[in-house]
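Results of the structural survey
Each chain is listed here by its residues.
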Amino acid sequence: MLAYLETFGCQANERDSETIQGMLQQLGYKMTQDAAAAHLILLNTCSIREKAEQKVFSRLGTLRKLKDEKPSLIIGLCGCMAQEKDTIPHLRRRCPYVDLVIGTHRLHRLPAMIRNIQGGMGFQCDIEETGEIIEGLPAIRPYPFKALINITYGCNNFCTYCIVPYVRGRERSRGLAAILEESRQRVAQGALEIMYLGQNVNTYGRDLEDSAASFEQLLLEADKIEGLQRIRYMTSHPRDFNDSLIDAVCASQHISRHFHLPVQSGSDQILKRMNRGYDRGRYLELVRKIKAKAPEATLTTDIIVGFPGETEADFLDTLSLVEEVGFDAAFTFMYSPRQGTPAATMPDQIPLREKKDRLHALMDAQAAISLRLHQAMLGQSVSVLAESYESGILTGRAEGSQLVHFPGPDTGVGTFFKVRITEPQTFLLKGEIV
Ligand code: SF4
């Protein structure tokens, strides 16, 4: 039997997809890249933006034909969209041929639900929000050299634009011992790099009985794992980020000298409306500390423009913050209302034209900064873990998370290379193996 899995959204979903594939394999399925050949099709969905949801509905529309041709085909929806209560009635109306909906808290029930459908029990749905963490589920890792490891699930922050706390539940930390055990196992199986995942890694451990467990402690313990060459993590929250993380990074051998610190806006008024829990001054203070303690580190961020109520002056505050910090890169987004979040019904929504203009102005400003910083790397050698290969070119990330392209053999995927930068560009660095 063949199964086809399509993953939308972030690395948390990518990690869940590894578990889904592991469970499907235990059920006797082999994975296929060809949806038309599959006996089971699962969409692991994202609901961070309404556009992402529309994409899933249009994908489901194209799958209808396959279901008509092969009625025994099982079609299922998992991930954040599946967890949204409003999705189910809408889905049942619009796509009644979907057989299975499983929420983010119930992934471990997937095999039982598939067996129920195979046994003729009809539509299966489980989106109960239990908050439990199920350890030891099987997984198939597409990249043996790179381990994605969850450290927390859910989020407590309720940023007013974000749906995540509603679809992933309250923050739950995995036990320190379980995370370290998984880390050691993955390294023993060939992982060279670990990426620890959480919506707010800085609050890791606060909900655990062992209150000594902190994110810094986890990183420093992982740093001792023999054979592990690089540790990365995603995502930090400026409200909870503190000096001890900078100290841990500086004291470590393997933690990437890269700080991704999403600022979202440079305006205090907007940060407040976003419920981010810090102001511009606090953010800039953190940046100063990072630069003082780890001057070699790279700094990247996420920024939303056109949040409800954002005036031209607020936007200029964001632009000036970007200039002041000098981010190596910024992931920039135009605010789009997410149904079910407080910001979606806030007054003073910004017209699309204005949002687009601000986004372009911000992207131009950031592009100039990125290019300037990248040009300063001309001739430098960086350590790159090659992650993919195409037409004679290997692609990977440097220590500071910059994207690097360089000629090399296809056998180089999963290997660290020393690469000299020969052609810095705005969004990537081109180089050659030293
Ligand atoms: S910290 Fe804010 S933006 Fe990030 S997942 Fe939580 S609510 Fe969403």
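Quick caveat, the model's predicted, so the values are computed rather than measured.

A look at the overall build of the protein
Within the protein one finds 13 helices and 19 strands. Over its C-alpha atoms the protein spans a radius of gyration of 22 Å, differing by no more than 12% from the 22 Å that the globule rule assigns to 434 residues. Expressed as lengths along the three principal axes of its C-alpha atoms, the size of the protein is roughly 65 × 55 × 50 Å. Taking all 434 residues of the protein together, 54% fall into the buried category. Put simply, 73% of the contacts in the protein that link residues at least 6 apart link residues at least 24 apart.

Some remarks on the nonpolar core
Counting residues in hydrophobic clusters, the biggest one holds 52 residues, and the most contacted among them are Tyr196, Phe215, Tyr233, Phe259 and Tyr283. Three or more residues apiece are contributed to this core by two domains, here domain 2 (141-256) and domain 3 (257-375). Setting aside chain neighbours within four positions, we find Tyr283 in contact with Pro238, Leu261, Pro262, Val263, Tyr278, Thr301, Leu321, Val325 and Phe327. If you look at the next biggest cluster of nonpolar residues, it comprises 25 residues, including Ile41, Leu60, Leu66 and Val98.

Description of the sheet that holds strand β14 (residues 329-334)
Spatially, three strands are ordered β12-β13-β14 in an open sheet, and the strand pairing comes out parallel. The sheet is open, and its two borders are formed by β12 (258-260) and β14, each paired with just one other strand. Strand-to-strand twist of the sheet, defined as the mean angle between neighbouring strand axes without regard to direction, takes the value 10 degrees. Of the pairings in the sheet, the one linking strand β13 (residues 298-305) to β14 comprises six bridges and is parallel in character. Following the sheet pairing, Thr301 is matched in β14 by Ala330. The strands touched by helix α13 (residues 352-375) within the sheet are β13 and β14, with β14 carrying the most contacts at an inclination of about 175 degrees.

So, the site of the ligand
If you check the shell around the ligand, you find Cys155, Asn157, Phe158, Cys159, Tyr161, Cys162, Val164, Pro165, Gln199, His237 and Arg276 and nothing else. Among the residues making up the shell around the ligand, the classes are represented as seven nonpolar, three polar and one charged.

Brief notes about unusual backbone geometry
In this structure, the amide linkage connecting Met234 to the following residue, Thr235, adopts the cis form with an omega of 10 degrees. Even without a glycine there, the phi angle at Phe158 is positive, about 50 degrees. Tracing the backbone shows Phe158 in the loop between β8 (152-153) and α6 (164-168). In this structure, Gln264 is a non-glycine residue whose phi angle is positive, near 70 degrees. The topology assignment puts Gln264 in the loop between β12 and α10 (268-273). Classification of Gln264 as buried rests on a relative accessible area of 7%.

Structural notes on the side chain of Glu6
The residue Glu6 is located in strand β1 (residues 2-7) in this model. Among the residues examined, Glu6 registers a relative accessible area of 17% and is labelled buried. One polar contact links Glu6 to Tyr4, side chain to side chain, over a distance of 2.6 Å. Here the side chain of Glu6 touches Arg59 through a polar contact of 2.8 Å, side chain to side chain. What Glu6 contacts, discounting residues up to four positions off in sequence, is Leu42, Leu43, Asn44 and Arg59.

Re the environment of His39
Along the chain, His39 falls in the loop between β2 (30-31) and β3 (40-45). For the pair formed by His39 and Val384, sequence separation is 345 residues and the distance between their alpha carbons is 39 Å.

So, the state of the cysteines
Applying the stated criterion across every chain, the model contains zero disulfides. Counting only cysteine sulfurs, Cys125 is the nearest neighbor of Cys95, a cysteine outside any disulfide, at a range of 14 Å. Take Cys95: its relative accessible area is 3%, and that puts it in the buried class.

Points about the sheet that holds strand β4 (residues 74-79)
Reading across from one edge, β2-β1-β3-β4-β5-β6 is the order of the six strands in this open sheet, with parallel pairing throughout. The open sheet has two edge strands, β2 and β6 (124-126), and neither has a second partner. When β1 meets β3, the two strands line up parallel, connected through five bridges. By the bridge assignment, Tyr4 is partnered in β3 with Ile41. This element, helix α5 (residues 110-118), spans β3, β4, β5 (100-102) and β6 of the sheet and lies at about 165 degrees to β5.

As for α13
Compared with the 34 Å implied by 1.5 Å per residue over 24 residues, the 34 Å span of α13 between its first and last C-alpha is a close match. Here α13 has its buried residues at Lys355, Arg358, Leu359, Leu362, Ala365, Gln366, Ile369, Ser370 and His374.

Section: the pairing of strand β16 (residues 393-398)
With six bridges connecting them, strand β15 (residues 381-390) and β16 associate as antiparallel partners. In the strand pairing of β16, Ala386 is matched with Gly396. Count of turn residues in the β15/β16 antiparallel hairpin: two residues, of which Ser391 carries a positive phi of about 45 degrees. Examined bridge by bridge, β16 and strand β17 (residues 403-407) share five bridges and lie antiparallel to one another. Across the sheet, Leu394 pairs through a bridge with Phe406, a residue of β17.

Considerations on the domain arrangement of the protein
Domain boundaries assigned for the protein yield domain 1 (2-126), domain 2 (141-256), domain 3 (257-375) and domain 4 (381-433). Of the residues lining the interface, 14 residues belong to domain 1; the matching set on domain 2 comes to 15 residues. When the area that domain 1 buries against domain 2 is broken down by residue, the three leading residues are Gln11, Arg15 and Glu18, summing to 42%. Applying the counting rule to domain 1 against domain 2 returns three salt bridges. Taken together, the connections running from domain 1 to domain 2 amount to five residue pairs in polar contact (both at pLDDT 80 or more). Of all the elements in the fold, those that place two or more residues in the side of domain 1 that touches domain 2 are α1 (11-26) and α3 (80-83).

Reading the values: the criteria
- Residues numbered from 1 in each chain as written.
- Predicted model: local features only at pLDDT ≥ 70, side-chain atom pairs only at ≥ 80, totals over all residues.
- Heavy atoms only, no water.
- Helix = DSSP H or I, 4+ residues; strand = E, 2+ residues; numbered from the N terminus.
- Rg over C-alpha atoms; globule rule 2.2 N^0.38 Å.
- Buried < 20%, exposed > 50% of the residue type's maximum accessible area, 1.4 Å probe, protein only.
- Contact = heavy atoms within 4.5 Å.
- Core = buried A, V, L, I, M, F, W, Y, C linked by side-chain atoms within 4.5 Å.
- Domains from an automatic or database assignment.
- Pairing = 2+ DSSP bridges.
- Axes fitted to C-alpha atoms, helices over the stretch in contact; angles between N-to-C directions.
- Near = heavy atom within 4 Å.
- Nonpolar A, V, L, I, M, F, W, Y, C, P; charged D, E, K, R; others polar.
- Polar contact = N/O pair within 3.5 Å; in protein donor to acceptor, adjacent residues only side chain to side chain.
- Disulfide = S-S within 2.5 Å.
- Expected span 1.5 Å × (residues − 1).
- Buried area = accessible area lost by both parts, 1.4 Å probe.
- Salt bridge = Lys/Arg side-chain N within 4 Å of Asp/Glu carboxyl O.

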